[in-house]
Amino acid sequence: MARIKFGKHEHLALEITPLTIWSNPGSEGEFMEYQIALYCQGTPVFNPELGENLVAVKDEESIYLSVFIAETLASRQQHNWTMLEPKVSFYMAPGVAPLGCCGNYNHADPFFLQITLEQNIFAGEDKTFGPYSNTGLNINFEAPGDAWAQFVKDLRAEEEDFDEEDADAQQ
């Protein structure tokens, strides 16, 4: 599991855990399921009954979430976006350092991540609001670049564990 804390007193925490990995026969790409969790002072924010609905899947052509975040940290470019199924989008960009005397020298290098959970995720199997809706739950995080770098390191270690398990199973 990879966890990053944020907020003035770091009461909130985002946790992303890779759950499974698989590939289709004849394909070079991999699918990966991620569990997305949010905690406030250690208590889950999402209703446990909806927990299974907060699983997002990377398709075989998308990059791993750790790579997505690492590339944003390295490039410092705006408009970095990726989508997982079922309709969970990640948008990440560098934040703006405060203006003022010595602000750029003393302020931590902020980055923000917005996760949008499309409203059909919460509708249940019997109700949908169309093939795609851009309304839903937006979760916004801001943390210093070094905290995101540690988050990426932890997440990548989890993602790579599956590669090692697959290699062990084939032997």
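Use the structure listed above.
Residues numbered from 1 in each chain as written. Predicted model: local features only at pLDDT ≥ 70, side-chain atom pairs only at ≥ 80, totals over all residues. Heavy atoms only, no water.

### A few points about the overall build of the chain
Along the chain, the regular secondary structure elements total three helices and nine strands. Walking the chain from its N terminus toward its C terminus, one meets helices and strands in the order β-β-β-β-β-α-β-β-α-β-β-α. The contacts of the chain with a sequence gap of at least 6 include a subset with a gap of at least 24, amounting to 53%. About 10200 Å² of surface is accessible on the chain, with carbon and sulfur atoms providing 51% of the total. (Helix = DSSP H or I, 4+ residues; strand = E, 2+ residues; numbered from the N terminus. Contact = heavy atoms within 4.5 Å. Areas by Shrake-Rupley, 256 points an atom, 1.4 Å probe, with all protein chains shown as cover.)

### So, the environment of Asn-80
Among the secondary structure elements, Asn-80 is positioned in strand 6 (residues 80-84). Relative accessible area serves as the criterion here: at 14%, Asn-80 is assigned to the buried category. Measuring from C-alpha to C-alpha, the distance between Asn-80 and Ile-69 comes to 8.9 Å, with 11 residues separating the pair along the chain. Setting aside anything within four residues of it in sequence, one finds Asn-80 in contact with Phe-68, Thr-72, Phe-90, Tyr-91, Met-92 and Ala-93. (Buried < 20%, exposed > 50% of the residue type's maximum accessible area, 1.4 Å probe, protein only.)

### Observations concerning unusual backbone geometry
Even without glycine at this site, Gln-41 takes up a positive phi of about 50 degrees. Examined against the element boundaries, Gln-41 turns out to sit in the loop between strand 3 (31-40) and strand 4 (43-44). Residue Gln-41 is classed as exposed on the basis of its relative accessible area of 59%. Of note, the phi angle at Arg-76 is positive, near 55 degrees, even though the residue is not glycine. Topologically, Arg-76 is positioned in the loop between helix 1 (65-75) and strand 6. For Arg-76, a relative accessible area of 39% puts it in the partly exposed group.

As far as function goes, none of this settles anything; it's purely spatial.
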